[in-house]
Amino acid sequence: MKPAYRGIAYGLLALAPAVGWAGGKASIESGSGSNTVRSSIEYDGQGAVRMDVSGQAGNYMLVRDGKVYSVVSQNGQPMVLDMGGMMKMMGGIAQQQMQQPMAGTRNVADMVSLRATGASETVAGIDGRVYELTYVDDAGTQRTETMVLSTDPRARELTQAMFAMSQSMAQSMQIEVPSGGAELESEIAAGKHGILRYGGDFRIVSFDTGSPAASRFALPAEPAQLPDFGKMLGR
């Protein structure tokens, strides 16, 4: 998985999944400073999600039918990689490599509290309320982060699409999602909210509620057949 996709993926996996949304598109930013990555997320309302990262033309991630695919451009021709299949073939090596970068991220291993601060903030033209999230990360350190949540349907639908994407990614790539993420998602869902901003690492830039064309979620080629790396490496 390319670094830009991996960073966004871990951000999504810090939260737990939900299902059911309408089709649409949004531009998001993750990271900060020189590490800022802008991407677009499209969702069809039927479970398919596509993520394109700015500056990586021809390369994107696609979730459909419960599977995760990475589409890469090879000499101008698309090549489709079944990420779940790759993880299975590579066995424990791949899972370890995917888990290691998470040690340095602020994923929600255990949620302590989520409370409204009383402040308001406008993100991507949508008014939201500022919340303070207190949680324990996977290193056992208690942290506090701010979140901007909104009941606007666009924010809710995008958040649900991202949660569903994280579920498919976790299942397909055999990545364990922290239990605290499930509790956080339940809190957000209970208030019928969507996420507009998460700390300084994730924020919505703009929304486009027009339904993407079905062709945006079609596989441009058959998934490539790759060798069994686990057997090749004697694992």
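See the structure above.
Counting starts from 1 at the beginning of each chain's written sequence and moves along it residue by residue. For this predicted model, a pLDDT threshold of at least 70 governs which residues receive local features, and a threshold of 80 or more governs which side-chain atom pairs are given and counted, while totals over whole chains, interfaces and linings are taken from all residues. Hydrogens and waters are ignored; side-chain quantities use all the structure's heavy atoms.

Visitor: What exactly am I supposed to notice about the overall build of the chain here?
Guide: Helix and strand counts for the chain stand at six helices and eleven strands. Each residue is assigned to one of three classes by its accessible area relative to the maximum for its type, calculated with a 1.4 Å probe on protein chains only: buried under 20%, partly exposed between the two thresholds, exposed over 50%. Counting only residues that meet the buried cut, the chain has 45% of its 235 residues in that class. By sequence separation, contacts in the chain at least 24 residues apart represent 63% of the contacts at least 6 residues apart. The accessible surface values rely on the Shrake-Rupley method and a 1.4 Å probe; as for residues, cover is taken only from the protein chains in view. Total accessible area on the chain is roughly 11,000 Å²; 47% of this is exposed by carbon and sulfur atoms. Counting from the N terminus, the helices are DSSP H or I runs at least four residues long and the strands are E runs at least two residues long. Two residues form a contact once any of their heavy atoms are found within 4.5 Å.

Visitor: Explanation requested: the nonpolar core in the structure shown.
Guide: The tendency in soluble globular proteins is for nonpolar side chains to be buried side by side. In terms of nonpolar packing, the biggest core is built from 39 residues, with Leu133, Met147 and Leu158 touching the most fellow members. For this core, the element with the highest residue contribution is helix H4 (residues 153–173), accounting for seven residues. Non-local contacts of methionine 147, meaning those with residues more than four positions away in its chain, are made with Leu114, Arg129, Val130, Tyr131, Leu133, Leu184, Ile188, Ile195, Arg197 and Tyr198. We define the nonpolar core as a collection of buried residues of types Ala, Val, Leu, Ile, Met, Phe, Trp, Tyr and Cys that are connected through side-chain atoms lying within 4.5 Å of one another. Formed by seven residues, the second largest nonpolar core is a distinct cluster that contains Tyr60, Tyr69, Val71 and Phe217.

Visitor: What is the right way to read the pairing of strand E1 (residues 24–30) from this model?
Guide: Two faces belong to every sheet, and in a regular strand the side chains alternate between them. Counting buried positions along E1 gives six out of seven residues, so the element sits mostly inside the fold. Two strands are said to pair when DSSP picks up at least two bridges between them. Both E1 and strand E2 (residues 37–43) contribute to a ladder of seven bridges, which runs antiparallel. Each residue of the ladder has a partner; that of lysine 25, found in E2, is glutamate 42. Between the antiparallel neighbours E1 and E2 lie six residues, among them glycine 31 with a positive phi of about 80°. Pairing between E1 and strand E11 (residues 202–208): six bridges, direction antiparallel. The partner of serine 27 across the bridge, within E11, is serine 206.

Visitor: Honestly, the packing of aromatic side chains in this entry has me stumped. Any pointers?
Guide: Here the distance between the centres and the angle between the planes together describe a pair of aromatic rings. In summary, the pairing rule links any two rings of Phe, Tyr or Trp, Trp by its six-membered ring, whose centres are within 6.5 Å, and it sorts them by plane angle into stacked for under 30 degrees, edge-to-face for over 60 and tilted for everything else. Summed over the entire model, instances satisfying the criterion amount to zero aromatic pairs. Looking at arginine 50, its charged tip hangs above the ring of tyrosine 60, at a distance of 3.6 Å from the centre. Consider the ring centre and the ring normal. A charge sits over the ring if Lys NZ or Arg CZ is within 6 Å of that centre and within 35 degrees of that normal.

Visitor: Before we go on, may I ask you to explain the pattern of salt bridges in this structure?
Guide: Where side chains of opposite charge bring their charged atoms close, a pairing between them can arise. Here, a salt bridge means any side-chain nitrogen of Lys or Arg that lies within 4 Å of a carboxyl oxygen of Asp or Glu. As enumerated under the stated definition, the model contains ten salt bridges in all. When the shortest N-O distance is used, the salt bridge between aspartate 52 and arginine 216 registers 4.0 Å. Highlighted residues: aspartate 52 in strand E3 (residues 49–53) and arginine 216 in the loop between E11 and helix H6 (229–232), separated in sequence by 164 residues. Residue arginine 216 is classed as partly exposed on the basis of its relative accessible area of 28%. Salt bridges here are not isolated pairs; linked through shared partners, they connect Glu42, Arg50, Asp52 and Arg216.

Visitor: I keep staring at the sheet that holds strand E6 (residues 77–82) and nothing clicks. Help me out?
Guide: By way of backbone hydrogen bonds, the strands of a sheet pair with one another, either parallel or antiparallel. In space, the eleven strands of this open sheet follow the order E6-E5-E4-E3-E2-E1-E11-E10-E9-E8-E7, with antiparallel pairing throughout. This sheet does not close on itself; its edge strands, each paired only once, are E6 and strand E7 (110–123). Averaged over neighbouring strand pairs, the angle between their axes works out to 30° when direction is ignored. When strand E5 (residues 67–74) meets E6, the two strands line up antiparallel, connected through six bridges. Looking at E6, one finds that glutamine 74 is bridged to glutamine 77. Sitting on the sheet, helix H5 (residues 179–190) is in contact with E7, strand E8 (126–136), strand E9 (142–150) and strand E10 (194–198), with an inclination near 45° to E7. Note on definitions: angles span 0 to 180 degrees between N-to-C directions of axes, and those axes are lines fitted to C-alpha atoms, for helices only across the stretch in contact.

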